[in-house]
Amino acid sequence: GAGVSQSPRYKVAKRGQDVALRCDPISGHVSLFWYQQALGQGPEFLTYFQNEAQLDKSGLPSDRFFAERPEGSVSTLKIQRTQQEDSAVYLCASSLVSSGGASNEQFFGPGTRLTVL
Amino acid sequence: QQQVKQSPQSLIVQKGGISIINCAYENTAFDYFPWYQQFPGKGPALLIAIRPDVSEKKEGRFTISFNKSAKQFSLHIMDSQPGDSATYFCAANPNYSGNTGKLIFGQGTTLQVKP
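Residues numbered from 1 in each chain as written. Chains lettered and ligands numbered in written order. Predicted model: local features only at pLDDT ≥ 70, side-chain atom pairs only at ≥ 80, totals over all residues. Heavy atoms only, no water.

Undergrad: Help me understand the overall build of chain B, please; the structure alone is not making it clear to me.
TA: For chain B, the count of helices and strands is zero helices and eleven strands. Sequence-ordered secondary structure for chain B, helices as α and strands as β, is β-β-β-β-β-β-β-β-β-β-β. Overall size of chain B, expressed as C-alpha extent along the three principal axes, is 45 × 30 × 20 Å. Counting over 115 residues, chain B shows a buried share of 49%. (Helix = DSSP H or I, 4+ residues; strand = E, 2+ residues; numbered from the N terminus. Buried < 20%, exposed > 50% of the residue type's maximum accessible area, 1.4 Å probe, protein only.)

What follows is the structure in C-alpha cells.
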C-alpha cells in the first residue's frame, strides 16, 4: 500500500523567504509527527497531531515555524522568514494509534531537504 | 538535552561479521525502544523494537539486548551483509501522562559492511 509521501522532495529558498512543506500520511493514521534532521544527526521532534488537533508543539524551534492538519489527514509545515540554520531534512511520520509505547510504530516519509541560501 | 546517546558514530565490518551498536539513556521514564534503519535519501524505517520488561528480542539476523539497570540497549546484526550498509538510529519513547508517542533519537551510526 501507499506509504507516507512528502513534497517537495527538495526545496531551495533564499534567506527570508517563506516555505511550505507537505505531508500525506498513511490513510487512516491518527497520529502525525514532524521531525527535523540536521546533516549527520538523528531526527529531532518538532510537533505532533492527533487527527486535526496539534497536541504537542514543544519541539518547534521558534515562532517562525507553524504546522497545521486542518482535516486530520494532510499536514503542512510552514517556515516563515527562513534562516540558514533552518537547512535540514524535514521528516513526517504517521502512526495508526494515538498513544505511545509498543503500538506506536511510526512510518516515515522520505523527507524534504530544505536548503536556505 | 541529549537523552539518548549512541555509539559508535561509524562502524566498518567485514561481510559475515557481527555489527554491534550501543545506546544509553538517561530518563527512566522511557518504555519503548525501537531501532530504525535509514538509507541515503530515504526516511527511517523500523527495524526492531523492544519493551523494558524483556531483556532480549531477536528477529532474523537482528537482536536487541536490553539492560534496564544500566539503562543501556544494543543492536546486534549477525552475519552482516553489504546490503545492511546504512545509518542506524536507536530511539526511545517517553512514558508519562499525556505521552504522544514522540521518539527521542540517538545521533546515529553509519555502518559499512565490506564484501
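Undergrad: Can you walk me through the nonpolar core in this structure?
TA: In globular proteins that are soluble, nonpolar side chains generally tend to be buried together. Ranked by size, the top nonpolar core spans 25 residues in total, and within it B:Val4, B:Phe33, B:Trp35, B:Phe73, B:Leu75 and B:Tyr88 carry the most contacts. The set of elements that each furnish at least two residues to this core consists of strand S2 (10–14), strand S3 (19–25), strand S4 (30–38), strand S5 (45–50), strand S7 (62–67), strand S8 (72–77), strand S9 (86–94) and strand S11 (109–114) of chain B. At four residues, the largest contribution of residues to this core is made by S9(B). If we skip the residues at most four places from it in the chain, B:Phe33 touches B:Tyr25, B:Ile48, B:Ala49, B:Ile50, B:Pro52, B:Ile64, B:Phe66, B:Phe73, B:Ala91 and B:Ala92. Listed in part, the 20 residues of the second largest apolar core include A:Val4, A:Trp34, A:Leu114 and A:Val116. (Core = buried A, V, L, I, M, F, W, Y, C linked by side-chain atoms within 4.5 Å. Contact = heavy atoms within 4.5 Å.)

Undergrad: Explain the sheet that holds S7(B) to me, please; I cannot follow it from the model alone.
TA: Two pairing modes exist for strands in a sheet, parallel and antiparallel, and in both the strands are linked by backbone hydrogen bonds. Residues and elements named next belong to chain B. The five strands lie next to each other as S1-S3-S8-S7-S6, forming an open sheet whose pairing is antiparallel. A single partner strand is all that each edge strand has here, and the edge strands are strand S1 (4–7) and strand S6 (56–59). This sheet shows a mean twist of 15° between the axes of neighbouring strands, independent of strand direction. Bridge count for S6 against S7 is four bridges, and the pairing is antiparallel. Along S7, the bridge assignment pairs glutamate 56 with serine 65. (Pairing = 2+ DSSP bridges. Axes fitted to C-alpha atoms, helices over the stretch in contact; angles between N-to-C directions.)

Undergrad: Is there a simple way to explain a nonpolar patch on the surface in this structure?
TA: All names here are of chain B. On the surface, Ile18, Ile20 and Met78 cluster together into a nonpolar patch covering about 240 Å² of accessible area. Looking at the element boundaries, isoleucine 20 is found in strand S3. For isoleucine 20, a relative accessible area of 36% corresponds to the partly exposed category. (Patch = residues over 30% accessible without salt bridge, like charges linked within 9 Å, V, L, I, M, F, W, Y side chains within 5 Å. Areas by Shrake-Rupley, 256 points an atom, 1.4 Å probe, with all protein chains shown as cover. Salt bridge = Lys/Arg side-chain N within 4 Å of Asp/Glu carboxyl O.)

Undergrad: So what exactly am I meant to see when it comes to the packing of aromatic side chains here?
TA: Here a ring pair, both rings aromatic, is described through the centre-centre distance and the interplanar angle of the planes. Summed over all chains, the structure comprises 19 aromatic pairs over all chains. Taken together, the ring pairs connect A:Phe33, A:Tyr35, A:Phe45, A:Tyr48, A:Phe108, B:Tyr36, B:Phe89 and B:Phe105 into an aromatic cluster. (Phe/Tyr/Trp six-rings, centres within 6.5 Å; stacked < 30°, edge-to-face > 60°.)

Undergrad: When you look at the sheet that holds strand S3 (residues 19–24) of chain A in this model, what are you seeing that I'm missing?
TA: Residue and element names in this part refer to chain A. What the four strands build is an open sheet, ordered S1-S3-S8-S7; its pairing is antiparallel. Either end of the sheet is taken by a strand with one partner, and the two such strands are strand S1 (5–7) and strand S7 (65–68). Going across the sheet, the axis of each strand differs from the next one's by a mean of 15°, ignoring polarity. With three bridges joining them, S1 and S3 adopt antiparallel strand pairing. Across the sheet, the residue bridging to glutamine 6 is cysteine 23, located in S3.

Undergrad: Sorry, what's going on with the environment of A:Phe65 here?
TA: Residue and element names in this part refer to chain A. Mapped onto the secondary structure, phenylalanine 65 falls in strand S7. It is 20 Å that separates the C-alpha atoms of phenylalanine 65 and phenylalanine 108, two residues lying 43 residues apart in sequence. Every residue in contact with phenylalanine 65, bar those within four places of it in the chain, is listed here: Gln36, Leu60, Lys78, Ile79, Asp86 and Tyr90.

Undergrad: Explain the state of the cysteines to me, please; I cannot follow it from the model alone.
TA: Cysteine pairs can be linked by a disulfide, which is a covalent bond between their two sulfur atoms. A full pass over the atoms with the stated rule returns two disulfides over all chains. The side chain of A:Cys23 participates in a disulfide bridge whose partner is A:Cys92; the two sulfur atoms lie 1.8 Å from each other. As the torsion about the S-S bond is roughly -65°, the A:Cys23-A:Cys92 disulfide counts as left-handed. Taken together, the residues A:Cys23 in strand S3 and A:Cys92 in strand S9 (residues 88–95) connect sequence positions 69 residues apart. Bridging B:Cys23 to B:Cys90, the disulfide has an S-S length of 1.8 Å. Residues B:Cys23 and B:Cys90 share a disulfide whose torsion about the S-S bond is about -90°; that sign makes it left-handed. Here B:Cys23, found in strand S3, pairs with B:Cys90, found in strand S9; they are 67 residues apart in sequence, far enough to count as distant. Per residue, the accessibility class of B:Cys23 equals that of B:Cys90, and both read buried. (Disulfide = S-S within 2.5 Å.)

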